[in-house]
Amino acid sequence: MRGPPTVLAASSVLAVNILDASSVLSAFGALGIAVVLFAETGLLVGFMLPGDSLLFTAGLLCVSGTHSGPHLVLWQVLLSAVVGALAGAQVGYLIGKRGGRALLARSERKALKQGVARAEELLAQYGHAKAIVLARFIPVVRTVLNPMAGVLEVPQRTFTLWQVVGGLVWSVGVVLAGYALGSSVPSIDKYLLPIIGLVVVVSVIPIALEMLRARKAARQGGDA
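Labelled according to an unreviewed UniProt entry, the chain appears under the name DedA family protein, originating from Kitasatospora acidiphila. Looking at the chain in UniProt, the text filed under Sequence similarities (unreviewed entry) is "Belongs to the DedA family." Regarding the chain, the relevant UniProt record gives this comment under Subcellular location (unreviewed entry): "Cell membrane".

1. With respect to the overall build of the chain
Along the chain, the regular secondary structure elements total 10 helices and zero strands. Within the chain, the proportion of its 224 residues that are buried is 43%. Residue pairs in contact within the chain that sit at least 24 positions apart in sequence constitute 76% of those at least 6 positions apart. Put simply, the chain shows about 11700 Å² of open surface, and 67% of that area lies on carbon and sulfur atoms.

2. So, the nonpolar core
Nonpolar side chains in soluble globular proteins tend to be buried together. Leu25, Ile33, Leu37, Leu54, Leu55, Leu72 and Val77 are the most contacted members of the largest nonpolar core, which has 23 residues in total. At the level of elements, helix 2 (21-28), helix 3 (30-42), helix 4 (51-61), helix 5 (74-97) and helix 9 (156-184) are the ones that each hand at least two residues to this core. The biggest single contributor to this core is helix 4, with six residues. Here leucine 37 is in contact with Gly42, Gly51, Leu55, Ala81, Gly84, Ala85 and Trp170, once residues within four sequence places are set aside. If you look at the next biggest cluster of nonpolar residues, it comprises 18 residues, including Leu44, Leu123, Val144 and Met148.

3. What to know about helix 8 (residues 141-151)
Of all the 11 residues making up helix 8, 11 are buried; the element is thus mostly covered by neighbouring parts of the structure. Positive phi appears at glutamate 153, one or two residues downstream of helix 8, with a value of about 60°.

4. Things to note about a nonpolar patch on the surface
Taken together, the side chains of Phe137, Leu161, Trp162, Val165 and Val169 make up a nonpolar region of the molecular surface, amounting to roughly 410 Å² of accessible area. With respect to the helices and strands, the residue phenylalanine 137 is situated in the loop between helix 7 (110-135) and helix 8. On the basis of relative accessible area, phenylalanine 137 is assigned to the partly exposed category, the value being 39%.

5. What to know about unusual backbone geometry
Positive phi, close to 75°, is recorded for valine 140, a residue that is not glycine. Following the sequence through the fold, valine 140 ends up in the loop between helix 7 and helix 8. With a relative accessible area of 4%, valine 140 lands in the buried category. The phi angle at glutamate 153 is positive, at roughly 60°, despite the residue not being glycine.

6. Observations concerning the pattern of salt bridges
Should their charged atoms come close, side chains of opposite charge can pair. Within the structure shown, the criterion is met by two salt bridges. Aspartate 52 is the partner of arginine 142 in a salt bridge, and the nearest nitrogen-oxygen pair spans 2.9 Å. Of this pair, arginine 142 sits in helix 8 while aspartate 52 sits in helix 4; the two residues are 90 residues apart in sequence, bridging distant segments of the chain. For arginine 142, a relative accessible area of 3% puts it in the buried group. For aspartate 52, a relative accessible area of 13% puts it in the buried group.

7. Looking at the packing of aromatic side chains
A complete count under the given rule lists one aromatic pair for this structure. Ring centres of tyrosine 93 and phenylalanine 159 lie 4.5 Å apart, and the angle between their planes is 15°; this geometry places the pair in the stacked category. Here tyrosine 93, found in helix 5, pairs with phenylalanine 159, found in helix 9; they are 66 residues apart in sequence, far enough to count as distant. Per residue, the accessibility class of tyrosine 93 equals that of phenylalanine 159, and both read buried.

8. A short note on the packing of helix 3 against helix 5
Angle between the axes and distance between the axes are the two parameters that describe a pair of packed helices. Put simply, helix 3 and helix 5 touch, their axes get as near as 7 Å, and they point 25° apart. In terms of their interaxial angle, helix 3 and helix 5 are classed as roughly parallel. The chirality of how helix 3 crosses helix 5 is right-handed. Residue-level contacts link Ala30, Leu31, Ile33, Ala34, Leu37, Phe38, Thr41 and Gly42 of helix 3 to Gln76, Val77, Ser80, Ala81, Gly84, Ala85, Ala87, Gly88, Ala89, Val91, Gly92 and Ile95 of helix 5. The class makeup of the residues in the contact of helix 3 with helix 5 is 13 nonpolar, seven polar and no charged.

What counts, and where the lines are drawn
- Residues numbered from 1 in each chain as written.
- Predicted model: local features only at pLDDT ≥ 70, side-chain atom pairs only at ≥ 80, totals over all residues.
- Heavy atoms only, no water.
- UniProt positions renumbered as here; feature names shortened; annotations may be inferred.
- Helix = DSSP H or I, 4+ residues; strand = E, 2+ residues; numbered from the N terminus.
- Buried < 20%, exposed > 50% of the residue type's maximum accessible area, 1.4 Å probe, protein only.
- Contact = heavy atoms within 4.5 Å.
- Areas by Shrake-Rupley, 256 points an atom, 1.4 Å probe, with all protein chains shown as cover.
- Core = buried A, V, L, I, M, F, W, Y, C linked by side-chain atoms within 4.5 Å.
- Patch = residues over 30% accessible without salt bridge, like charges linked within 9 Å, V, L, I, M, F, W, Y side chains within 5 Å.
- Salt bridge = Lys/Arg side-chain N within 4 Å of Asp/Glu carboxyl O.
- Phe/Tyr/Trp six-rings, centres within 6.5 Å; stacked < 30°, edge-to-face > 60°.
- Axes fitted to C-alpha atoms, helices over the stretch in contact; angles between N-to-C directions.
- Parallel < 35°, antiparallel > 145°, perpendicular 65-115°, else oblique.
- Left-handed = near helix turned anticlockwise from the far one by under 90°.
- Nonpolar A, V, L, I, M, F, W, Y, C, P; charged D, E, K, R; others polar.

Structure, rendered in C-alpha cells:
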C-alpha cells in the first residue's frame, strides 16, 4: 500500500546519495545542480561532491529520448550550473577573506590540506588570473582556491572577473560536452552507466595525480 505523496517525497529525499550524480538529479532535478556546485565551490565541506560528473550527466539527460534518468531541460541546467558555480566561488572568497586561514588550519582532512598547498602553488606559479581559471578543472583545488584567494588578499575585482570566466567555461563547457555526446550517440541509454562511470574515473584522475605529486615532493624533501 502506497503512502501519502508527502511521505514518499520525504523518503526519496532522505534516500539521496549526494556523491552520486544520478541520485542527485533524480531527486532534485536542475535545482540540485545549483546546490551541489555552490557547496563544492563555496563551502569547504563540499570538496568531495561530484561536480564534474554531475554537470556531464545533466547534459546527457537533457537529450530527448533518454530514459535512464529524469529528462532535464538544457537552459535550466545551464542556468543552475552557472548560478551555483559563480555564487559558490564568490562566497568561498568572502569566507577566506574573513577568516578562512583559521578554518583551513583546523581541518584534519589530508586531501583538503594537499588542496590548500596546491592552490597556493598555483597562485604563486601562474598568477591570479590563470590560477583561478585552471583551478575550476581540478577537483578539491576548485574548492579551496576560492577561500585561499581571499586569505591571500587577491583583489576582489580580479578574483571576481576570473572566477566568472573560469566558472562559465567549466560549467557550461562540461554540460554541453555531455549534451553533445548524448545527441551524437544513438540509443545513449545503453551506455549511460558506463559513460557516467568513466566520467567519475576521469574526474578522480587529477586528485590521484595531485596526491602522487605531493608524495613525490615530500619524498624529495626528506632526501634533501
